[in-house]
Amino acid sequence: MKSKFAEFISYMFPFLLVITLVATINNVFELIMLAVIPCVIWLSSAKLSGQKWDIEDRNHRIIPLVLLAIYGVIIGYIINDFYSKVFLINVVFILVITSFWKISMHCYGLSTLIMLLVYLLKYTDANFYLLLFLITCYTVFLILTIWSRLYLKKHTVLQVALGTFFGFLINLIILKFI
C-alpha cells in the first residue's frame, strides 16, 4: 500500500506543473509553449531511449535536457518574457548539475513552483488567498515527494536535499534579479 501511494505521489508532479502554469499564465499559447511542449519533448526522449518517464539514470537525462535547453533558447526568442527566461535558466542549471551528478528533478521542480507562487504572492495583485493555499499545498506535496523519492529508492537523501535546496536558491536568485 505504501509503495502505491509513493508511486502516486511521484506521478503527480507533471500534473502539478501544468496546474500551476495554468493558474499563473493567462495566455494559452504561452501555456502550450512552456508546459505542454516541454512535457512532450521529455516523454518522447524517454520513450525513444527506452526509459520510464522519470528517467532514473542521470546519463540518460542529458539528451532530453539538451533538447529542452535548445527549445528554451527558441521560445526565449519567440516569447521573450519572464516565464521563458525562468524556464531556460532552470533547464540550463539542471543540465549543468546533471552532467556531473544526479539531483531530484521532482524536488527541484516543486521548489521552483513554490518560489514562483511566492513571487506572485509578493509582487502581483493575484488572489492572495488562492496563492497562499497553493503554496501551503505545494509545500506539503514537496515533503511527500521527498518521502516518496526516498521510499521508492529513486534518490539518496543528499540528492533530494540538494534538488530542493537548488530549486529554492536558483529561483530566489532569478526572481530577485529578473
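Every value quoted in this text rests on a predicted model; they were computed, and no experiment measured them.

Definitions and cut-offs
- Numbering of residues begins from 1 in every chain and follows the order in which that chain's sequence is written.
- Given that this is a predicted model, residues contribute local features only at a pLDDT of at least 70 and side-chain atom pairs are listed and counted only at 80 or more, while totals for whole chains, interfaces and linings are drawn from all residues.
- By convention in this description, side-chain values take in all heavy atoms of the structure and omit both hydrogens and water.
- To define axes, lines are fitted to C-alpha atoms, for helices over the stretch in contact only, and angles between the resulting N-to-C directions are given on a 0 to 180 degree scale.
- Numbered from the N terminus, helices here are DSSP runs of H or I no shorter than four residues, and strands are runs of E no shorter than two.
- The sense of a crossing depends on the near helix, which, turned anticlockwise from the far helix by less than a right angle, makes the crossing left-handed and, turned clockwise, makes it right-handed.
- Contact criterion: two residues are considered in contact whenever any of their non-hydrogen atoms come within 4.5 Å of each other.
- The nonpolar class holds Ala, Val, Leu, Ile, Met, Phe, Trp, Tyr, Cys and Pro. Asp, Glu, Lys and Arg form the charged class, and all remaining residues, Gly among them, are polar.
- Cysteine sulfur atoms are paired as a disulfide whenever they come within 2.5 Å of each other.
- Three exposure classes are used, based on accessible area relative to the maximum for each residue type with a 1.4 Å probe and protein chains only: buried under 20%, partly exposed in between, and exposed over 50%.
- Roughly parallel here means an angle under 35 degrees, roughly antiparallel means over 145, roughly perpendicular means 65 to 115, and every remaining angle is called oblique.

Trainee: Help me get a handle on the packing of helix α5 (residues 105–123) against helix α7 (residues 157–177), residues and values and all.
Mentor: It is at 7 Å that the axes of α5 and α7 come closest, and there the two elements cross at 30 degrees. For the pair α5 and α7, the crossing hand works out as right-handed. Between α5 and α7, the contacting residues are Cys107, Tyr108, Ser111, Thr112, Ile114, Met115, Leu116 and Tyr119 on the first element and Val160, Gly163, Thr164, Phe166, Gly167, Phe168, Ile170, Asn171, Leu172 and Leu175 on the second. By residue class, the composition of the contact of α5 with α7 is twelve nonpolar, six polar and no charged.

Trainee: Explain the environment of Phe166 to me, and be specific about the residues and the numbers.
Mentor: Tracing the backbone shows Phe166 in helix α7. Linking Phe166 and Ser111, residues 55 residues apart in sequence, is a C-alpha distance of 8.2 Å. In contact with Phe166, other than residues within four places in its own chain, are Phe93, Ile97, Tyr108 and Asn171.

Trainee: I'd like a rundown of the state of the cysteines, residues and numbers included.
Mentor: Summed over the entire model, instances satisfying the criterion amount to zero disulfides. No disulfide involves Cys107; its sulfur sits 17 Å from the nearest other cysteine sulfur, which is in Cys39. Looking at Cys107, the relative accessible area reads 0%, which means it is buried.

Trainee: Tell me what's going on with unusual backbone geometry, and back it up with residues and numbers.
Mentor: We note that Ile55 has phi near 40 degrees; this positive angle belongs to a residue other than glycine. Positionally, Ile55 belongs in the loop between α2 (28–48) and α3 (58–78). A positive phi is found at Asn80, a non-glycine position, where the angle reads about 45 degrees. Tracing the backbone through its elements, the reader meets Asn80 in the loop between α3 and α4 (82–100).

Trainee: Quick rundown of the packing of α5 against helix α6 (residues 128–151)? Include the residues and the values.
Mentor: A pair of packed helices is characterised by two quantities: the angle between their axes and the separation of those axes. Direction vectors running N to C along α5 and α6 enclose 165 degrees, while the axes themselves pass 9 Å from each other. Regarding the angle of α5 to α6, the classification is roughly antiparallel. Of the two possible hands of crossing, α5 and α6 adopt the one that is left-handed. Within the contact between the two elements, α5 uses His106, Cys107, Leu110, Ser111, Leu113, Ile114, Leu117, Val118, Leu120 and Leu121 and α6 uses Phe128, Leu131, Leu132, Leu134, Ile135, Tyr138, Thr139, Phe141, Leu142, Thr145, Ile146 and Arg149.

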